[in-house]
Structure formats: structure tokens, C-alpha cells
Number of protein chains: 2
Amino acid sequence: MPDRPPEFDLDSFLPYRVNVLAGRLSREFAARYRDRFGITIPEWRVVAHLAQAGAVSVREIHARVDMDKSRVSRAAARLEAAGYVTKRTDKGDRRLVALALTESGRAMMADLAVVALGYQDELMARLGDGAAFGDGIARLMDETG
Amino acid sequence: MPDRPPEFDLDSFLPYRVNVLAGRLSREFAARYRDRFGITIPEWRVVAHLAQAGAVSVREIHARVDMDKSRVSRAAARLEAAGYVTKRTDKGDRRLVALALTESGRAMMADLAVVALGYQDELMARLGDGAAFGDGIARLMDETG
DNA sequence: CGTGGCTTGTTGCAGGTGCAACGAAGCGGA
DNA sequence: TCCGCTTCGTTGCACCTGCAACAAGCCACG
């Protein structure tokens, strides 16, 4: 058998596996809140970050949450239309937009946090050793390998 | 402090972390072949599966590779247009399409396999213990957990 | 046969996405 | 002050995506 390509198995290819897993976790988690609140994943990320960070610019979210700035911008627009978020221009630097949760947004996030933490617990139970897996993620994120 | 919502930290939320990681690995890997071959991730998945499985229907790929059937169908169409794949109707069941790699497709996959295995090695080096991480993925996939 | 119900793959549609280009706003040196 | 350079957020564009609807084909039961 002359120079056959090295055997390659998609199912054991790490980027593929991580992607499939990511899709499943997202769908599984989204199923738990979509019906109740009708928001999408990017919107959920924005809300979750706002709950932690208070009033924040688009740029800040873009940097911290691994989303393109246009994605953040549009998610914020949808959230504003839904009444979960306010957008006002920053007093100091008028290029900036200060995003903040409305009362309605905070209420939603309070419910969402419960759902999220419950789901997290469930995942940890599946995992057995959550810390080791988290370590692995951190290692893979570090591109300097 | 009356019934404050439980503290929630997006950065330690597993679905979020896995999704960010998945995006990075995909982009990082895609960067290694896009310039050379000009194919997208869904196309790559189809080619990789065809290399393992020989002639296969859209349905089969849809089931095995966690892609919507329309996504498979369109990826296959693009691959056919690019000359990497042939589509002929199955002799026995004329509803089925038999997808198969062309010579050109096999040649591309031979190169891709080398790139992919190299990347896999690199990731394993980052990880240290690859088996443990793989275990974690498997556990999280198991929804009965 | 034949006819109703299923499966398979494609396609229309509405919407989301990344990227690049853009206008508005700040900043700093002459 | 003026002017070039940068940063911020939005938007146009081309593309991809999931979902549902669909035609074509198969099958089983009467």
C-alpha cells in the first residue's frame, strides 16, 4: 500500500467534537428559556454581561464576550425594542453608548440566573470532575500552547 | 439584603465557555486550510465523512455529523460545483443521493488529513491529558446524565 | 393494482452573521 | 483653531442558517 494518507477519524477530531458539544449545550440551554423570555443566545450573553457589569459600552461587551461588535449592536437593538435594555449616549464621550438593564431586564435576569445555575449544576453532575474539564478549556484557549 | 438573585458569572458558565472555545478552534483550524482549498466548515465536515464512509446519502451525513439536512444538501451542492464531489441517484432507492469524492476530492482530503492531524497533535500538546478532556466531552454529550 | 402514509432531498423564506465601509466624535500636534 | 488620525457604533451587503413546505419516490395494506 503505497503512501496512503494517514487515517483520519472525524469523530475523534477535537475541534469537531467541541463544536458539536457547543451546539448541543446551547440548544439544550436555550430550550429552557426561549419559551419563557423569547430571547436569543447573543441577547442572553448581553443581558448576562450587563447584569454583572452595570452600564457598559458596546465595545466593552464586544471585547469581553467574544462577539463581533455588529452582533452586539444588533442584539442590543433587539433588547431595547423588547424593553429589557436602555441605550443612552455617554455624557463624557459621546461616541460611546451606555447600555443598561431596565427594571424588566433585571427581573428577567433574576429568573435566568436561576435557570442557568440549575443547568450548570446539572452539567457538573454529568461531568463528575468539573474542575478538570474547566482546566482543559482554559488550556485550549491559551493559543501560545 | 432581601432575596437578591444568586450571583451569576458568565465567564464560569460552561455552555458559554464551550461555545467560545468551539468558535476559536473552528476559526483557528479553518485558517489553516481556507486559503489553500477555499472550503467552509460544513463542506469540510462532509468531505471528511465521505473520506471515511465512501458513498453515502445526505441523510446518513445528516445523522452522523450533526448537521441539518439542508445544510448538508447545500454543502454538497457547493462541493459538487467545485468538483470535489459527485452526486448520483442511488440505483436501488431513487430517493437517495449517493455522494462520493472525486479524485480531486480525495487528493484534497489527503492534504487536509495531514493538516488536521497536525492541529490535533498541537491541541493535545496544549492539553497535557487529552483523554480526560475527551471523557468530559463524552459525559456532557450523554443527555441522560 | 391503488392509494394513503412515510421518507428523502431540495428550496423558499425570514432572519442572523461577519466583514468592510461609513459618519460621528474625540484627540493631539502644529 | 485646524487638520489628520484614531475609535465607536451602525449599517449595507453577501452569505449562511434553520425551519417548514414541497415534489418525488417507496412501501404496506386493502
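A few points on the structure.

Cut-offs and rules
- Residues numbered from 1 in each chain as written.
- Chains lettered and ligands numbered in written order.
- Predicted model: local features only at pLDDT ≥ 70, side-chain atom pairs only at ≥ 80, totals over all residues.
- Helix = DSSP H or I, 4+ residues; strand = E, 2+ residues; numbered from the N terminus.
- Rg over C-alpha atoms; globule rule 2.2 N^0.38 Å.
- Buried ≥ 20, exposed ≤ 12 C-beta atoms within 10 Å, placed from the backbone.
- Contact = placed C-beta atoms within 7 Å.
- Near = placed C-beta within 6 Å.
- Nonpolar A, V, L, I, M, F, W, Y, C, P; charged D, E, K, R; others polar.
- Least-squares fit on C-alpha atoms with pLDDT ≥ 70 in both.

Looking only at helices and strands, chain A features six helices and two strands. Secondary structure elements of chain A, listed N to C terminal, follow the sequence α-α-α-α-β-β-α-α. For 145 residues, the compact-globule estimate of 2.2 N^0.38 gives 15 Å, and the C-alpha radius of gyration of chain A, at 19 Å, exceeds that figure by more than 25%. Considered along the principal axes of its C-alpha atoms, chain A spans approximately 70 × 35 × 25 Å. For chain A, the proportion of its 145 residues judged to be buried stands at 28%. Partitioning the intrachain contacts of chain A with sequence separation of at least 6 by distance along the chain shows that 44% fall at a separation of at least 24.

Attention shifts here to the environment of A:L101. All names here are of chain A. Within the element layout of this structure, L101 appears in strand β2 (residues 97-101). L101 gets classed as buried once you count the C-beta atoms within 10 Å, which come to 20. Placed 45 residues apart in sequence, L101 and V56 show a C-alpha to C-alpha distance of 10 Å. Residue contacts for L101: discarding those within four places in its chain leaves V47, L50, A51, Y84, V85, R106 and M109.

In the vicinity of DNA strand C lie 21 residues, with A:R94, B:S57, B:R59, B:S70 and B:S73 positioned nearest. Contributing elements (two or more residues each) for the surface near DNA strand C: α4 (69-81) of chain A together with α3 (58-65) and α4 (69-81) of chain B. At five residues, the largest contribution of residues to the surface near DNA strand C is made by α4(B). For the surface near DNA strand C, a count of residues per class yields five nonpolar, five polar and 11 charged.

Next up on the list: the relation of the copies chain B and chain A. The two copies are related by a screw operation: chain B maps onto chain A through 180° of rotation and 0.0 Å of translation along the axis, at an RMSD of 0.1 Å. On this basis, the relationship between the two copies can be described by a two-fold rotation axis. Comparing interface residues between copies, 98% of those in chain B also sit at the interface in chain A, which points to an isologous, same-surface contact.

Once that is clear, we can look at the protein's contact with DNA strand D. The local shell around DNA strand D holds 20 residues, among which A:S57, A:R59, A:S70, A:S73 and B:R94 are the closest. Within the residue set of the surface near DNA strand D, elements represented by two or more residues are α3 (58-65) and α4 of chain A together with α4 of chain B. Among the elements that take part in the surface near DNA strand D, α4(A) stands out by supplying five residues, more than any other. Here the residues of the surface near DNA strand D sort into five nonpolar, five polar and 10 charged.

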